[in-house]
Amino acid sequence: MAFDRYLAICHPLRYHAIMNKKVCLQFATASWIIGIFYSLIHTANTFRLNFCKSIQIDHFFCDIPPLLKISCSSIIINEIIVYVVGGLLVLICFPLIIISYIFIVKTVFKISSAKARTKTCSTCTSHFLSISLFYVSGSFAYFHPTSPNSFSQYKINALFYTILPPLLNPLIYSLRNKELEKVFKKVINK
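Residues numbered from 1 in each chain as written. Predicted model: local features only at pLDDT ≥ 70, side-chain atom pairs only at ≥ 80, totals over all residues. Heavy atoms only, no water.

K.L.:
I tried to follow the overall build of the chain on my own but got confused; where do I start?
P.N.:
Helix and strand counts for the chain stand at nine helices and zero strands. Starting at the N terminus, the α and β elements of the chain follow one another as α-α-α-α-α-α-α-α-α. Taking 16 Å as the expected radius of gyration for a compact globule of 190 residues, we find that the chain reaches 21 Å, considerably beyond that expectation. The principal-axis extents of the C-alpha atoms in the chain amount to approximately 65 × 45 × 25 Å. Counting across all 190 residues of the chain, residues that qualify as buried make up 31%. Partitioning the intrachain contacts of the chain with sequence separation of at least 6 by distance along the chain shows that 63% fall at a separation of at least 24. Total accessible area on the chain stands at roughly 13000 Å², and carbon and sulfur atoms take up 71% of it. Here the chain carries 19 positive and 6 negative side-chain charges, and the mean point of each set is 12 Å from the other. (Helix = DSSP H or I, 4+ residues; strand = E, 2+ residues; numbered from the N terminus. Rg over C-alpha atoms; globule rule 2.2 N^0.38 Å. Buried < 20%, exposed > 50% of the residue type's maximum accessible area, 1.4 Å probe, protein only. Contact = heavy atoms within 4.5 Å. Areas by Shrake-Rupley, 256 points an atom, 1.4 Å probe, with all protein chains shown as cover. Lys, Arg positive; Asp, Glu negative; His and termini not counted. Charge placed at Lys NZ, Arg CZ, Asp CG, Glu CD.)

K.L.:
For this particular structure, what's the right way to read the layout of surface pockets?
P.N.:
Rolled over the atoms, a probe sized like a water molecule indicates the empty space that remains. Roughly 1400 Å³ of internal volume is contained in the largest pocket. S31, C93, I97, F134 and Y135 are the residues nearest the centre of the largest pocket, which is lined by 37 residues in total. Those elements giving two or more residues to the lining of the largest pocket turn out to be α1 (2–10), α3 (21–47), α5 (76–110), α6 (114–142) and α7 (151–162). Tallying contributions element by element places α5 first for the lining of the largest pocket, with 12 residues. Within the lining of the largest pocket, the residues separate by chemical class into 27 nonpolar, eight polar and two charged. (1 Å grid on protein atoms, 1.4 Å probe; cavity = no way out; pocket = protein on both sides within 12 Å on 5 of 7 lines; lining within 4 Å. Points joined across faces, edges and corners; volume = space filled by probe spheres on them. Nonpolar A, V, L, I, M, F, W, Y, C, P; charged D, E, K, R; others polar.)

K.L.:
I keep staring at the nonpolar core and nothing clicks. Help me out?
P.N.:
Note on soluble globular proteins: their nonpolar side chains tend to be buried together. The biggest cluster of nonpolar side chains holds 16 residues, and the ones touching the most others in it are I97, Y101 and I104. Contributing elements (two or more residues each) for this core: α1, α5 and α6. Look past the residues within four positions of I97 in its chain and what remains in contact with it is A2, I131 and Y135. (Core = buried A, V, L, I, M, F, W, Y, C linked by side-chain atoms within 4.5 Å.)

K.L.:
Help me understand a nonpolar patch on the surface in this model?
P.N.:
A cluster of nonpolar residues, I76, I77, I80, V84, L88, I92, L96, I99 and F103, forms a patch on the protein surface that exposes about 830 Å² of accessible area. Note that I92 resides in helix α5. For I92, a relative accessible area of 47% translates into the label partly exposed. (Patch = residues over 30% accessible without salt bridge, like charges linked within 9 Å, V, L, I, M, F, W, Y side chains within 5 Å. Salt bridge = Lys/Arg side-chain N within 4 Å of Asp/Glu carboxyl O.)

K.L.:
Quick question: what am I supposed to make of the packing of aromatic side chains here?
P.N.:
In this description, an aromatic ring pair is defined by two values, namely the gap between the centres and the angle between the planes. Applying the stated criterion across every chain yields a total of five aromatic pairs. On the numbers, 4.9 Å between centres and 35° between planes, the contact of F94 with Y135 is tilted. A residue pair is termed long-range when its members are at least 10 positions apart, and F94 in helix α5 and Y135 in helix α6 qualify at 41 residues. Neither residue differs from the other here; F94 and Y135 are each classed as buried. Connected via pairs of aromatic rings, a cluster forms that spans F3, Y6, F27 and F103. (Phe/Tyr/Trp six-rings, centres within 6.5 Å; stacked < 30°, edge-to-face > 60°.)

K.L.:
Can you help me understand α3 in this one?
P.N.:
One turn of an α-helix holds 3.6 residues; hence residues three or four places apart share an orientation. With 27 residues, α3 ought to run about 39 Å at 1.5 Å a step, and its terminal C-alpha atoms sit 39 Å apart, in line with that. Along α3, the residues that are buried comprise V23, I41, H42 and N45. Looking at the buried residues of α3, the elements they touch are α2 (15–18), α4 (64–70) and α5. Regarding α3, its N-cap is N20, as a side-chain oxygen of that residue lies 3.1 Å from the backbone nitrogen of K22 further along. (Expected span 1.5 Å × (residues − 1). Polar contact = N/O pair within 3.5 Å; in protein donor to acceptor, adjacent residues only side chain to side chain.)

K.L.:
So what exactly am I meant to see when it comes to the side chain of S71 here?
P.N.:
Inspection of the secondary structure puts S71 in the loop between α4 and α5. Residue classification places S71 among the buried positions, given a relative accessible area of 7%. A polar contact of 3.1 Å, which involves the side chain of S71, links it to the side chain of S73.

Take a look at the structure:
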């Protein structure tokens, strides 16, 4: 989406020539392949663990840190893989998104019309807020030092990166809708 926004704002005349069905399919396929590969790495490493403690996970859903917490075998390899693979994803994807938005902001400041600037900013702000919420809370959830006291904090972070972005996406993206804005203003004024 960041690349799509970058093309639409920074290169609007070339947008349809670059962002065609083939490119969209390639982006979607790459996302699926990376997601499947990421999941397979952690699933395969989970199979090598022994679970001799309670089989109940103290969490809302089955995730890597809660599984590692109930394992009675050495989890050092799993933790290293979480940091390395997750770190690579964060260090590659998030900076690319940030770079695209830096170019977008530079282009927006060159727009002479205040109305056009506002429209462009509202289009990009929603996506940037959603992505930032996901990456920041996910990073805090996976890349914090583990301690017995920090697990409740992990649960809160897990809610932020798994539930809030999908829950807020329709609302964030709908706020650009003029009819919804009117209804929202009526509700606030009452």
